[in-house]
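Observations on chain architecture
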Amino acid sequence: MPPVSTRPKLKHKSSRRDLEELGFDGGHAREIEQKRNSGQISCAECRRLKIKCDKQIPCQSCRRRGCAALCPNGTLPTGQGTRFVLAATEHLHHRLAKMSERIRQLEDALGELQAKHFAEPHPLLRPDLLEASQPGDNVGPSSAGDPAIVERTPELVEALGTLSVSDSGTSRFFGPTGGSQVSIDYVPSEDLADGSSDSMRDSKSPELPQEIEDFAPAFPFKPAHSNLNVETLVNKYLPTWERARYLSEAYLEQATSLFQSVSRDYILSELLPAYYVNNAPHVTQAEKPHQLSLLFLIFATAALLDPNREPGSVEPEFYHRFARAAICLQSVMEKPSLETIQALHLLSVYNAVSGNELAGKETSTETSWSLVTLAAHLAHTVNRDGLRWGLSPDVTARRQMVFWDLFVADVWNCLEAGRPPTFSLPYIDCQFPGGGSPHHKVHIGSDRKAFCSSWAFRFASDCVADVAARTLTSDPPSYSTILELDRKVRNFPVTEAAEEFAAAACGAVLAKPVDKDVGFMESMGRLIMSNAREVILLYIHRSYFVQAIIENPTNPLNSPYTPSFLAAYRASLTILRTVKVQYDLYPKLTARLWPLWTYAFSAGVVFGTIVTRGPRSPMASSAMKELHDARLLFSDASSHSRRAQRALPIINKLTERAHSALLHAQNDMPDGLGQQWLSAENEDDDELAIFTGR
């Protein structure tokens, strides 16, 4: 009897033939598409990945992975990284931004050429066609014109901020975007660590002469019976010439990313010669106490950031106290000079970086904001173009740097505290340092060095100021405004180095070997540029992110506020991972930059909120991993940073609650999730409301 051929082989051949027919036989392909369209068989993408498909259109798997538009017949390109599409969206955003920037450049060039030869505009520059150069207008699950998106929910209308009034009448207010400041500043002292950090030691007040101590409670005024003068401060308290030169170089090397308005030429050619003659302290500028205060603050900031400083050294605080005393020797309200504005600004920087709370251990943010605001009000003398009044180019350039450095600090501080900004762009005609008007359109152009040097100023004037002005009003913005601001921030250009740094930190591309050998200033520059847009996007979308997770805890991607949920998630991912990379490169210096830890804290709260509020959501597991990483980062940095130390108890508590929520969800408990978890969730309501500014 002849043997019968085995059926497995025939089945295998049939399967391959089916695949070939699917690729080349049009009739069979149409039949497969019809079955998929009717939900009879799995979608093409689930079949490619060999995963279970619920045969809905679009199916749950494709919606979770961000490729719902392809379901049921489309597939992604094969290769590594296609199982989770959200990781690639940032790359697509960058590509879209680059293409849009190129289109705008070509449109500008075409418009200029057309204007030279014809009176009529070019047909390709019609307003309806110009919309093509605006990326993101028609991309994504929602648009600004969607009525379901534009309307605000009652909960968001109540996003007023946080107001506290003590029994003695002392009041503090943080607006809708200041939730992170409130959460960190109100950590009970018993929840903090044992006080072994450098920043805790820095905040200890050194023993000072009584003539200096008398100025502390009187700041910024001079005590009534004080005989202290500039000569005494110079002769008794200035460091030796060798130490002064070392601290000056340390300041220029470590601190200019925080405070740019004091240049190398000014320190070495004007400031030091004014108080050192023949390599010894000597008074030549007795009538300029604020200039002396600026010099003391340069020494204080340099000593604080010096990587070679011994732990527990009180040298920075000595110079800081001398600087405050020097400011008090002359009224800051009457006839303020450039040095007055610079000294107040640098004093706020030192106060913030050191974690030094002279008014009671919990007002560092409040003091820093007050000093910047005072300096900003005094700076209305330098917000105009000095060349119009015949000032020399050198003086004009210095005034420009002083003003725009302060402008950046003011708008960021106001956004972080949720308070209205001091400056208004329509009243400013001061040019950017190096040239360029704040009222002109931004292009990278051919001079990339000039663009990078003024990037922080341009971003603050174009994006940060606009976001603050439109989101900190008494009437909360509509969602269409939120999406408009989102597009504006995303379209603001950054350098390729900043994009590559963020992509490498997030694991999208491999880090270059040279990236690990960059200096502190260069690494801080790329960190600031890569992080700034993400921080602003997090501020913009934070309230609607929370609304999405509250309305749809099982899957926030089904919410009408999905754009805000995804924007907050991606921004938080970039912030945490870039801060982690920078901290690994320069741990002690990075730990002292308190704004970074405020932003990282906000990012950690985002991931914690996803898990605690939506433990059954498809992104809960990945958010839990990021929250774990945030906890490790803050735990490590708390030994160097008071800001990280104050945030760590909140991160720890949030991680414990997230663990509990995820455990209950994985065990598939009933809707109640257990009485213990319900209690923890209720306790978390107030903290979440504060974080979102309600």
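Position numbers for residues count from 1 along each chain, tracking the sequence in the order it is written. A pLDDT threshold of at least 70 governs which residues receive local features in this predicted model, and a stricter bar of 80 or more applies before side-chain atom pairs are shown or counted, although totals over entire chains, interfaces and linings include all residues. For the side-chain quantities, the full set of heavy atoms in the structure was used; hydrogens and water were omitted.

Let's shift gears to the confidence of the model for the protein chain. Parts of the prediction with low pLDDT should not have their coordinates interpreted in detail. pLDDT gives the predictor's per-residue confidence on a scale running from 0 to 100. In this model, the protein chain carries a mean pLDDT of 75, and residues with pLDDT of at least 70 account for 71%. Whether two residues are in contact is decided by their heavy atoms, any of which lying within 4.5 Å being enough. Here residues 688-694 is modelled with pLDDT under 50, and outside its nearest four sequence neighbours on either side it reaches 34 contacts, counting other chains as well.

A few words now on the pattern of salt bridges. What counts as a salt bridge is simple: a side-chain nitrogen of Lys or Arg found within 4 Å of a carboxyl oxygen of Asp or Glu. If you walk through the whole model with that rule in mind, you get 15 salt bridges. The salt bridge involving Arg 321 is made with Glu 213; its shortest N-O contact spans 3.6 Å. Of this pair, Arg 321 sits in helix α16 (residues 315-328) while Glu 213 sits in helix α11 (residues 210-213); the two residues are 108 residues apart in sequence, bridging distant segments of the chain. Given a relative accessible area of 9%, Arg 321 falls into the buried group. The classification of residues rests on relative accessible area computed with a 1.4 Å probe and restricted to protein chains. Under 20% of the type maximum is buried, over 50% is exposed, and intermediate values are partly exposed. Relative accessible area serves as the criterion here: at 26%, Glu 213 is assigned to the partly exposed category. Asp 486 is paired through a salt bridge with Arg 490; the nearest N and O atoms lie 2.9 Å apart. One end of the pair is Asp 486 and the other is Arg 490, both in helix α22 (residues 479-491) and four residues apart, which spans about a single turn. One network of salt bridges, with partners in common, ties together Asp 466, Arg 470, Glu 484 and Lys 488. The helix and strand labels rest on DSSP assignments: H or I over at least four residues marks a helix, E over at least two residues marks a strand, and numbering proceeds from the N terminus.

Further remarks concern the packing of helix α12 (residues 230-237) against helix α15 (residues 289-305). Geometrically, a packed helix pair is captured by the angle between its two axes and the distance between the axes. The axes are straight lines fitted to the C-alpha atoms, using for helices just the contacting stretch, and the angles between their N-to-C directions are given from 0 to 180°. Two elements in contact, α12 and α15, have axes separated by 10 Å at closest approach and are oriented at 25°. Overall, the two elements α12 and α15 adopt an arrangement that is roughly parallel. Here the hand of the crossing between α12 and α15 comes out left-handed. Two secondary-structure elements touch here, α12 through Val 230, Leu 233, Val 234 and Tyr 237 and α15 through Pro 289, Leu 292 and Phe 296. Here the contact of α12 with α15 is built from residues that sort into seven nonpolar, no polar and no charged. Angles below 35 degrees are treated as roughly parallel, those above 145 as roughly antiparallel, those between 65 and 115 as roughly perpendicular, and all remaining angles as oblique. Two helices cross in a left-handed way if the nearer one is turned anticlockwise from the farther one by less than a right angle. They cross in a right-handed way if the turn is clockwise. Think of it as three bins: nonpolar holds Ala, Val, Leu, Ile, Met, Phe, Trp, Tyr, Cys and Pro, charged holds Asp, Glu, Lys and Arg, and polar takes everything else, Gly as well.

This brings us to the nonpolar core. Working definition of a nonpolar core: buried Ala, Val, Leu, Ile, Met, Phe, Trp, Tyr and Cys residues. They are joined through side-chain atoms within 4.5 Å. Counting residues in hydrophobic clusters, the biggest one holds 159 residues, and the most contacted among them are Trp 412, Phe 459 and Trp 597. With 16 residues, helix α24 (residues 520-551) is the largest single contributor of residues to this core. If we skip the residues at most four places from it in the chain, Trp 412 touches Phe 459, Val 464, Ala 532, Val 535, Ile 536 and Tyr 599. In terms of nonpolar packing, the next biggest core, distinct from the first, is built from seven residues, Cys 43, Cys 46, Cys 53 and Cys 67 among them.

Next up on the list: unusual backbone geometry. Trans is the common state for peptide bonds, and a negative phi is the common state for residues other than glycine. A cis amide bond links Ile 57 with the next residue in sequence, Pro 58, at an omega value of -5°. By the element assignment, Pro 58 lies in the loop between α3 (44-49) and α4 (60-65). The residue after Phe 219, namely Pro 220, is reached through a cis peptide bond having omega 5°. Looking at the secondary structure, you find Pro 220 in the loop between α11 and α12. Even without being a glycine, Lys 50 presents a positive backbone phi close to 60°. Relative to the helices and strands, Lys 50 is located in the loop between α3 and α4. Lys 50 gets classed as exposed once you look at its relative accessible area, which sits at 77%. Positive phi is not limited to glycine here, since Lys 55 has a value of about 65°.

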